[in-house]
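Overview (structure and organization)
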Amino acid sequence: QVQVVESGGGLVQPGGSLRLSCAASGSIFVINVMGWYRQGSAGQRELVAVASAGGDPKYEDNVKGRFTISRDSARNTVYLQMNSLKPEDTAVYYCYAKIKQDSRAPWLNIWGQGTQVTVSS
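The following refers to the structure shown. In this text the structure is predicted, and so the values were computed from the model without any measurement. Residue positions within a chain follow its written sequence, with the count starting from 1. Confidence filtering applies because this is a predicted model: local features only for residues at pLDDT of at least 70, side-chain atom pairs given and counted only at 80 or more, and all residues used for totals across whole chains, interfaces and linings. Side-chain measures were taken over the full set of non-hydrogen atoms in the model, leaving aside hydrogen atoms and water.

**Here we look at the environment of V63**
Stated precisely, the cut-off is as follows: Each helix corresponds to a stretch of at least 4 residues labelled H or I by DSSP, and each strand to a stretch of at least 2 residues labelled E; elements are numbered beginning at the N terminus. Exposed residues in this analysis have more than 50% of their type's maximum accessible area, buried residues have under 20%, and partly exposed residues fall in between, with area computed by a 1.4 Å probe over protein chains only. In what follows, a contact means two residues having at least one pair of non-hydrogen atoms within 4.5 Å.
Locating V63 in the fold gives a position in the loop between β6 (58-59) and β7 (67-72). We classify V63 as buried; its relative accessible area is 0%. The spatial distance from the C-alpha of V63 to the C-alpha of M82 is 8.5 Å, given a sequence separation of 19 residues. When neighbours within four sequence positions are excluded, V63 is seen to be in contact with R38 and V48.

In structure tokens, the structure reads:
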């Protein structure tokens with residue numbers, strides 16, 4: 001079984017910073033994509049940032065210049081450094097990974113349980 005587990009959420013004041021971490025574990029052959037999505041009060045899950053193997057990271061327009069995604073492939077871990085946080089960044093942040101368990105297996109989309117980020121004074 002493969003799982004991803006997030007950590008690092010919490011309450012922060014506007015303008016503050018948080019760093020989210022996500023580690024994938026289990027029977028993993030290769031990870032293609034790792035990234036972050038969020039779901040706010042509006043209810044729709046949206047992409048925040050993703051990092052593909054060998055590719056440039058992609059960011060949602062509203063977080064460009066404030067958030068930075070990074071991967072530690074040796075540790076199957078992805079991070080999201082969030083700076084200059086705004087109240088509208090408040091959401092549950094979900095880690096996502098696209099994984100193969102062996103060379104002939106299909107790609108699996110794995111989601112974490114989510115971690116709450118609240119930006120409020």
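**What about the sheet that holds strand β3 (residues 18-25)?**
Hydrogen bonding along the main chain pairs the strands of a sheet, whether they run parallel or antiparallel. We count it as follows: The rule for pairing is simple: two strands pair if DSSP sees at least two bridges between them. Axis lines are fitted to C-alpha atoms, over the contacting stretch for helices. Their N-to-C directions set the angle, which ranges from 0 to 180 degrees.
Here we have four strands laid out as an open sheet, ordered β1-β3-β8-β7, and antiparallel in their pairing. Edge positions in the open sheet fall to β1 (3-7) and β7, since each of these has one partner strand only. Along the sheet, successive strands turn relative to each other by an average axial angle of 15°, direction set aside. With six bridges joining them, β3 and strand β8 (residues 77-82) adopt antiparallel strand pairing. Within β8, the residue paired with C22 across the bridge is V78.

**Regarding the nonpolar core**
To keep it simple, the criterion reads: To form a nonpolar core, buried Ala, Val, Leu, Ile, Met, Phe, Trp, Tyr and Cys residues must be joined to one another through side-chain atoms within 4.5 Å.
Grouped together as the largest cluster of nonpolar side chains are 28 residues, with contacts concentrated most on M34, W36, V48, F67, L80, M82 and Y93. Broken down by secondary-structure element, the contributors of at least two residues to this core are β3, β4 (30-39), β5 (45-52), β7, β8, β9 (91-100) and β11 (115-119). In terms of residue count, the dominant contributor to this core is β9 (five residues). In this structure, M34 is in contact with C22, A24, V50, A51, I69, R71, N76, T77, V78, C95, Y96 and A97, ignoring residues within four places of it in sequence.

**Thoughts on a nonpolar patch on the surface**
Here is the rule we go by: Residues enter a patch when their relative accessible area is above 30% and they make no salt bridge; the linking distance is 9 Å between like charges and 5 Å between nonpolar side chains (Val, Leu, Ile, Met, Phe, Trp, Tyr). Only the protein chains shown count as cover for residues, and the accessible areas themselves come from Shrake-Rupley with a 1.4 Å probe. Should a side-chain nitrogen of Lys or Arg be within 4 Å of a carboxyl oxygen of Asp or Glu, the pair is scored as a salt bridge.
Together, F29, V30 and W107 make up a nonpolar patch on the protein surface, roughly 290 Å² of accessible area in all. By the secondary structure assignment, V30 is in strand β4.

**As for the pattern of salt bridges**
Close approach of charged atoms lets side chains of opposite charge pair. This structure, assessed with the given rule, holds six salt bridges. One network of salt bridges, in which partners are shared, links R38, E46, E60, R66 and D89.

**Observations regarding the environment of W111**
Among the secondary structure elements, W111 is positioned in strand β10 (residues 108-111). Once the C-alpha coordinates of W111 and G10 are considered, the two residues, 101 residues apart in sequence, prove to be 19 Å apart. With near-sequence residues (within four places) excluded, W111 lies in contact with V4, Y37, R45, Y94, C95 and Y96.

**Quick look at unusual backbone geometry**
Phi angles above zero are rare outside glycine, and N76 is one such case at about 50°. Of note, N76 is situated in the loop between β7 and β8. Phi at S84 is positive, roughly 50°, even though this residue is not glycine. If you trace the backbone, S84 turns up in the loop between β8 and β9. According to the relative accessible area criterion, S84 is partly exposed, its value standing at 40%.

**Here's the deal with the packing of aromatic side chains**
Test applied: Ring geometry is summarised as follows: Phe, Tyr and Trp rings, the Trp one being its six-membered ring, pair when their centres sit within 6.5 Å, and such pairs are stacked at plane angles under 30 degrees, edge-to-face over 60 and tilted between the two.
Applying the stated criterion across every chain, the model contains three aromatic pairs. For the pair Y37 and W111, a centre-to-centre distance of 5.0 Å together with 70° between the ring planes defines the contact as edge-to-face. Taken together, the residues span a long stretch of sequence, with Y37 in strand β4 and W111 in strand β10 at a distance of 74 residues. Residue Y37 is classed as buried on the basis of its relative accessible area of 19%. Among the residues examined, W111 registers a relative accessible area of 34% and is labelled partly exposed. Where Y96 meets W111, the ring centres are 5.0 Å apart and the plane angle is 45°; that geometry is what we call tilted. Separated by 15 residues along the polypeptide, Y96 in strand β9 and W111 in strand β10 bring together distant segments of the chain. The class for Y96 is buried, based on a relative accessible area of 11%. Linked through ring pairs, Y37, Y96 and W111 together constitute an aromatic cluster.

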